[in-house]
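Listed below, chain by chain, are the residues.
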Amino acid sequence: MSEKEEIERTTDTVTDQEQEYAQNTLNEYKKNNYGGALQFINKLDTRTHDFKVAHNKALVEYCKSDFKKTDAFQKSLTSICNQFKIRVEKLDDVDQCIVHYNQAILLYHQRQYTNAIYIMDRVYKFIEPMDDALAKQVSLFAIELQLCVRQSDKAISLINYLENHLINGNPNIKILDKSVKEKDTKKTQPLDPAMEEFKKKLNRYKIRCYLMNHNLDVAHKEISLLLKDKQNVEAMFLGSNLEYLKGNLVEAQKLLGSVPKNCLVYNECGESSDVMFYNNMGVIHHAMGKPNLACHYFQLALKEDMALTNCVKKDGKSEEKTLHILGGSKYHELMYNLGVSLLHAKRPTQAFDCLIIAVRRYHRNARLWMRLAECCIMTTKESNEVDFDIQKKQKEIVVDVIGSKDKQKVILTTSLSKDKKYSTESESYAVPVPSLEFASLCLRNAATLLPSDNNTSPIPLFLIPGVTPPVPSCTPGPAPSSPMSPESIMSLRNSILAASAYVALCLGDYIMALEHAEKLLQQPRLSGAHKLLGHLYCAEALVLLDKISEALEHLNPDNVKHINLELPGGEDNDEKRIKTSPPPKWFPHNLATAHATMQYNIAVCKTIRGQLDEAIALLKQVWQMSGKCKVPGHIIMLVLYIELKLGRPEPARNLIKQYLFQNRL
Amino acid sequence: MALSIEQCDIVLDILDEGKVRSHTFESLYNELHKKFDPADYFKVGTFLVVLLQQDLLKEAEQKLVAITLLHELYRGEPLPNTPFANVFIHLLHPPEHQSSVGAPKLEYPGQLPRLSAPEKYFLTQLLSDVPKDAILKKTATQVVNADVGNFQAADFSMIELLLAEKQSELPQTCKTGIPIILSLPEKTNNYSADTLEYEVLVKKIASGENAYMNKVYRPEFVILAPPLLDTQDELVWLNPTNPQEHTIAYDVTMCVPDTAGQEARQLMNKAYKSALSIQQQQQLLAELESDSKLVYHIGLTPSKLPELVENNPLIAIEVLLKLMQSKQITEYFSVLVNMEMSLHSMEVVNRLTTTVDLPTEFVHLYISNCISTCETIKDRYMQNRLVRLVCVFLQSLIRNKIINVQELFIEVQAFCIEFSRIREAAALFRLLKQLESGDIGLVSSPTINSKSKLEG
């Protein structure tokens, strides 16, 4: 603020008349008589230099429109800021906070959380000088914003601060000098109702944080208290959420079922209990391993959500929505849930269509990108089981029979596996279709967005004066899901590496495949399945790099002792008690099949090297395992190949006649 | 990458049974040369090889013409550079027929026909580095029926070596392909003589987008796709959030005169410009004391802090202490640490360090700032004064255990050495040495490394 303004400010006098108008305006405003308020405030028009008048006038006009002319209000606020040179980057006066706060509120209802947080981070610095009512409003809002972007840790620290300052009134800064003060330890007075209400709200935020942080014990205590009130709908939802997180799915379903239908009406509350109910039912069924039923519920939720948000639109133009229902649609969250469930229901292309919608909003979510990649992979290969169906693979060996009599020829397949797709066409990878090319792009995004091991680097405390820090860069976020535990991040990293190696192999990029696979094997904690995959991928990439001996080392069956899908080890912590993932399914189901696969691949290596007799011997061993477990369906084709290479076409011809023609006829 | 049906017809026509008997190699080659673009030679060559491999040429003369044409396609180029060089070596040195006596006949995938002695002789001549006009003037029939006796096989070992070298450069996976076309003759005695059927067969093999003749089978790995990510609490659970609770706020302070802090604010305005009288100071401090929120309303901003520190350090200390809980305190600190070093600023920092827990980074930064100010100042007198101040300040910090010297050891020691002419600096240096040797149990000694660096 320049010298001149400062003088102007200190010398600015308010006449008694003006004070009276202002008081009248406030009184009418409190009575929700916005027309009356507007009449009074118009009398203050002479105070053109007073941005508070301009601000309140715009606000009252907005209220008078039943909170519908949001765009107009937003524009007035912007122009007031321009006119009075109020900039959020240079915020240094508590009086200016309210303008910014109102802008942030509008952004919040428009679901622009990052922008709202950017503003509120600055406004929040003035929480101490603010008057009590505003301070409470601002702090609750700041907490809600952090929860919107699923930064529960930040929300918790805000809550702690509030409890220490606004409620208890003890500063938590250590004062060494005892003389400074000790006098305002006025003993606890009975709380006034407003404070009581504020504490209640704060408590609800706390519970949401605990649930998000998976701090189940504390959440349990608080929720049981709330649930004593049998009518408390919010407590029912929270309680059901808690049971769901614990894996008590039936209990969760029961509690959710007790929520009365349509108790939160969208047009009044800005959210619909029915949408929440259907969605949460879907979430519970997904965890039960019933993805199809889950999809059904998500679709119901989507239908309801669309009906609510669209019917609002029909009332008039889109800008005519009341503020609190502007951003009430849960479309993207529901699409995300539906997409993941469809993926588990083995409907990858539909899942892809849903998730590609979700990722438009949640493009900083590493796990979501990973899910998209999984859709692409599953679209090209539904299950590994196809490679172990000997009957089916037999039929695929011969693709055509041409000519006749002495000139009869059979045409063999060029490949039995369908994974590989070496494309020479230079098509763009960025086309959002469920292809392996797009998968590699998704995986790159996922890897980039993955939270790093060491927690976020501390922001340097002291900065060069006069230089405002830039807008925080887009940090990877878990939204719309809860924050991931270090364990989940670890397993996500492993999965990204495994998928990246697989996709690179399929696309013929064996150098990258090797890099990813080796990195996978270096991870500190690795599930048995990922270990198996890491070795298999390394081996294949090495063969393609003409390093067959190294490949053979990877294929040693002793490398893989089990094929569990969970991360091994880890201490017992809260995270272990979270049981929300559907029962995992993967082929191969048992170690024997995994070993058969490794041995078959050894036989391939030996064949490539020209050690045909050894290869045949190995294949015989694998074939003998076929009584006990599934073995790769490629065996017959490899035997056929080896016989041909050995210059013995007769056994090969006999094989073909034996397996193929009987199937054809 | 395959021939069109018409192109197949042309090649088949050139290789027609009657035609190969009556026409010279030269004229057949000329016909081929006329009808094909050099860009298509490779396709034609592949086609000829497939015809040979799949035993689709009935007569010896046809085979011979095919071989000759294959060679002449790349007329004028050195043999090892041509794509089909290996075919000729194979023709000259066919693999063993039988592994041992009585064993079944061996037959390898993509095997080429066996040549008779006159044919081999002809091929030798063709491959040799001699003018070929004479031999190409012959017809295939003449060659096949010629009597060559026991000819001396020419030596192509150089070429073979070159080719083998080229092969060894390729990765092994590239060399594993076998043709996907496999003969499976039906057991029957009547041989097909239907030329129409024959042509259909040949064209199926050689033409079209995915012509079989271009395809190979290689041993395949079984590759497993990874399992779906197993993760917790992924799907979005919806709880009520009461969005309508967050609503806009009316500014109740509109037109409410800010009388409470009026006087304090005026005093502050003065305090930025000049030192206040004792009485004024007391009045300001008393007002600030009476209302704990007043400190936020006296118009102080971080940018004004340096002026306040320079003119009224006591006020600055009190105000900062009151602002300790403020979210803005780091901004004030940041300004304080970066402002020009002076007696007053040092006084403020010193008071703060003894009163509240200051962030370590802040203190360290301030010390660095002091040291560099001392080093850069031009005025010798001022410099001595400042150095003394800094030394006393540092001693006080160290003795009060406010800083851990170890973290600043190198910097502080260098500072002492640079200004060793000043008594206070020497004293500080001694204090450091005592700390290092453990005489004073404040800190452990620094590493040998840093010591040698200092002394070296």
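Anyway, here's the lowdown on the structure attached to this text. Predicted, not measured: the structure shown is a model, and the values here were computed from it. (Residues numbered from 1 in each chain as written. Chains lettered and ligands numbered in written order. Predicted model: local features only at pLDDT ≥ 70, side-chain atom pairs only at ≥ 80, totals over all residues. Heavy atoms only, no water.)

## Overview of empty space enclosed by the protein
Once rolled over the atoms, a probe with the size of a water molecule shows which space is left empty. Throughout the structure, instances matching the rule amount to three cavities of 30 Å³ or more. For the largest cavity, the calculated volume is near 580 Å³. Together, 33 residues line the largest cavity, and R150, R208 and K330 of chain A together with N239 and T241 of chain B are the ones closest to its centre. Of all the secondary-structure elements, those providing two or more residues to the lining of the largest cavity are α6 (97–109), α8 (132–148), α10 (193–213) and α12 (233–246) of chain A. (1 Å grid on protein atoms, 1.4 Å probe; cavity = no way out; pocket = protein on both sides within 12 Å on 5 of 7 lines; lining within 4 Å. Points joined across faces, edges and corners; volume = space filled by probe spheres on them. Helix = DSSP H or I, 4+ residues; strand = E, 2+ residues; numbered from the N terminus.)

## Some details on the environment of L127 of chain B
In this structure, L127 of chain B sits in helix α7 (residues 117–127). The spacing of L127 of chain B and L394 of chain B is 267 residues in sequence and 94 Å in space, taken between C-alpha atoms.

## Considerations on the packing of aromatic side chains
Inspection of every chain in the model, using the stated rule, returns 21 aromatic pairs over all chains. Relative to Y250 of chain B, the ring of Y29 of chain A lies with its centre 4.4 Å away and its plane at 20 degrees, an arrangement referred to as stacked. Pair noted here: Y29 of chain A is in helix α2 (residues 16–30) and Y250 of chain B is in the loop between β3 (216–217) and α12 (262–273), and the two residues belong to different chains. Take Y29 of chain A: its relative accessible area is 15%, and that puts it in the buried class. Ring centres 6.3 Å apart and planes at 50 degrees place the aromatic pair Y74 of chain B and F84 of chain B in the tilted group. Residue Y74 of chain B is found in the loop between α5 (60–72) and α6 (85–92), and its partner F84 of chain B is found in the loop between α5 and α6; the two are separated by 10 residues along the sequence. Per residue, the accessibility class of Y74 of chain B equals that of F84 of chain B, and both read buried. Each residue in the set Y101, Y108, Y113 and F141 of chain A is aromatic and connected to the rest through ring pairs, giving one cluster. (Phe/Tyr/Trp six-rings, centres within 6.5 Å; stacked < 30°, edge-to-face > 60°. Buried < 20%, exposed > 50% of the residue type's maximum accessible area, 1.4 Å probe, protein only.)

## Some points on the interface of chain A and chain B
With 181 residues of chain A in contact, the opposing surface of chain B contributes 107 residues. For the pair chain A and chain B, the summed buried area comes to about 12,900 Å², and 61% of that belongs to carbon and sulfur atoms. At the boundary of chain A and chain B, one finds four salt bridges. We note a salt bridge from R204 of chain A to E245 of chain B, for which the minimum N-O separation is 3.2 Å. Taken together, the connections running from chain A to chain B amount to 46 residue pairs in polar contact (both at pLDDT 80 or more). The leading source of residues in the side of chain A that touches chain B is helix α22 (residues 486–506) of chain A, at nine residues. In terms of residue class, the side of chain A that touches chain B is made up of 94 nonpolar, 40 polar and 47 charged. Two elements, strand β2 (residues 409–412) of chain A and strand β2 (residues 181–183) of chain B, share three bridges in a ladder whose sense is antiparallel. Bridge pairing in β2 of chain B links I411 of chain A to I181 of chain B. (Contact = heavy atoms within 4.5 Å. Buried area = accessible area lost by both parts, 1.4 Å probe. Salt bridge = Lys/Arg side-chain N within 4 Å of Asp/Glu carboxyl O. Polar contact = N/O pair within 3.5 Å; in protein donor to acceptor, adjacent residues only side chain to side chain. Nonpolar A, V, L, I, M, F, W, Y, C, P; charged D, E, K, R; others polar. Pairing = 2+ DSSP bridges.)

Fair warning: the whole summary comes from geometry, so function is off the table for now.
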